[in-house]
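Read off the chains here:
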Amino acid sequence: MKIDAIHLREITMPLAFPFRTSFGLTTVRRILLVELEADGLTAWGECAAGEHPYFSDEMIDTAWIITESELAPRLLKAELQGGGNCPDIFKQVRGHRMAKAALENAVWDMEAQRQGISLANLLGGTREKIPCGVSIGLQDTDELLMEKIETELAAGYQRIKLKCEPGRDTVLFEKVRDRWPDILLSCDANSAYQMKDIDRIAEWDQFKLLMIEQPLWYDDFYFHSMLQKRLETAICLDESIRNRRDALAAIDMESCRIINIKVGRVGGFSEAIAIHNATAERGIPVWCGGMLETGIGRAHNIALSSLPNFSLPGDVSASKRYWAEDVIEPEVTVSKAGEIVVPTTPGSGFVVRRDRIDSLTVRKTTLRRS
Ligand code: OSB
Ligand code: MG
């Protein structure tokens with residue numbers, strides 16, 4: 001297959017609820033979408049890069065430049081079998097994994113459509129339904145947080161993840177555990193702690209958390225390994241894991257016992273599958289993280305989550321938790337049992353609403369095969 005055209009767009013969408021983490025507050029998302037045309041078919045990809053380089057070193061504006069000047073021209077020149085060819089096509093460009101993932105994932109989506117199979121099936125998925133958790137941002141008051149948890153549990157979500165940071169941790173966990181002693185509960189620090197906090201973190205063993213996500217530096221394995229030795233609770237790495245080799249290093253050093261796979265963070269479905277397979281062989285469970293995606297990225301996360309080693313509830317939740325109105329049809333919904341049904345129709349299984357996307361677009365450019 002040859003790609004005839006690549007459309008880049010930036011859309012802006014206000015979040016239904018502001019999202020606060022230890023690294024910052026997001027109220028309006030600026031999102032880079034890519035749309036591929038080949039043989040009369042259309043496939044979309046969503047770039048996970050944020051508005052600022054706070055989660056990773058990428059942001060929407062760097063992703064736009066790299067996509068327009070480096071990645072899209074390479075993709076337009078290539079003769080492709082499928083998304084699995086993309087890492088090789090892009091390999092001269094170092095880093096910029098979120099930019100690469102948007103294009104690669106769109107190619108996988110296109111290939112699924114061409115073969116007339118679901119994206120989940122093409123990726124090697126085996127689950128008919130995926131278990132869902134929620135990530136709850138830092139709240140202005142503890143009362144608000146307790147209300148949010150109550151709402152999400154009532155909606156059926158199987159795991160609650162609390163964002164935390166120094167000063168908004170131990171007391172909070174205590175309150176939540178007092179009220180809900182048995183729920184699956186985890187926390188995510190997004191690198192807000194240092195080694196001087198190690199005694200404080202060790203106290204959290206009493207709360208029987210399912211995991212503590214990325215407590216230390218975003219690029220670290222070594223100090224996480226020292227911390228993991230001190231803890232009964234599993235550490236889960238998110239930011240630190242960029243590829244399969246990182247996963248192998250982290251497992252070997254015992255820096256974590258669980259891994260969060262974000263397809264954008266690792267550069268696309270090929271690398272996500274490689275990490276999935278490596279962790280499965282070594283008995284390390286994984287789950288699918290989220291990056292406040294629209295329905296386009298969310299649909300891709302659902303397909304990825306259908307692989308067998310995605311055995312823990314992920315951060316893939318319903319469209320309405322993020323958006324007053326999503327950009328796909330139907331919107332993503334979660335059952336009372338806290339599950340999303342994996343589509344079985346060709347491609348991602350969702351229809352992209354171009355009219356809605358047009359009305360949200362603030363810049364657009366097209367590159368064509370010459
Ligand atoms: O660390 O998992 C994270 C959102 C933006 C950036 C980083 C993270 C998150 C989330 C929210 O936790 C996941 C979601 O609901 O999409
Ligand atoms: Mg995280």
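The following paragraphs examine the structure supplied in this document.

Each value, and the rule that gives it
Within any chain, residue numbers begin from 1 and follow the written order of that chain's sequence. Numbering of ligands from 1 and lettering of chains from A proceed in the order in which they are written. In keeping with the predicted nature of the model, local features appear solely for residues at pLDDT of at least 70, side-chain atom pairs appear and are counted solely at 80 or more, and the whole-chain, interface and lining totals rest on all residues. The basis for every side-chain value is the complete set of heavy atoms in the structure, and neither hydrogens nor water enter the calculation. When a residue's accessible area, from a 1.4 Å probe over protein chains only, is under 20% of the maximum for its type it is buried; when over 50% it is exposed; and in between it is partly exposed. Numbered from the N terminus, helices here are DSSP runs of H or I no shorter than four residues, and strands are runs of E no shorter than two. When DSSP finds two or more bridges between a pair of strands, those strands are recorded as paired. The handedness rule is simple: strands pointing away from the viewer, and a clockwise path from the first strand over the helix to the second, make the crossover right-handed. In this analysis, the expected span of each helix is defined as 1.5 Å times one less than the number of residues it contains.

1. Things to note about the pairing of strand β10 (residues 258-261)
Alternating positions in β10 separate into two faces, I258 and N260 on one and I259 and I261 on the other, with burial throughout. Bridging between strand β9 (residues 235-237) and β10 involves two bridges; their strand directions are parallel. For L237, the partnering residue across the bridge sits in β10 and is I259. In terms of handedness, the path from β9 via helix α9 (residues 244-252) over to β10 forms a crossover that is right-handed. Pairing between β10 and strand β11 (residues 286-288): three bridges, direction parallel. Across the sheet, the residue bridging to I261 is C288, located in β11. In this view, the connection linking β10 to its parallel neighbour β11 by way of helix α10 (residues 269-281) has right-handed handedness.

2. Topic: helix α3 (residues 97-115)
Taking 1.5 Å of rise per residue, 19 residues should cover 27 Å, and α3 covers 26 Å from first to last C-alpha, within 8% of that figure. Across the 19 residues of α3, 15 count as buried, placing the element largely inside the fold. At the exit of α3 stands G116, carrying a positive phi of roughly 70°.

3. A few points about the environment of K77
The topology assignment puts K77 in helix α1 (residues 60-77). A C-alpha to C-alpha distance of 43 Å links K77 and G338, two positions 261 residues apart in sequence.

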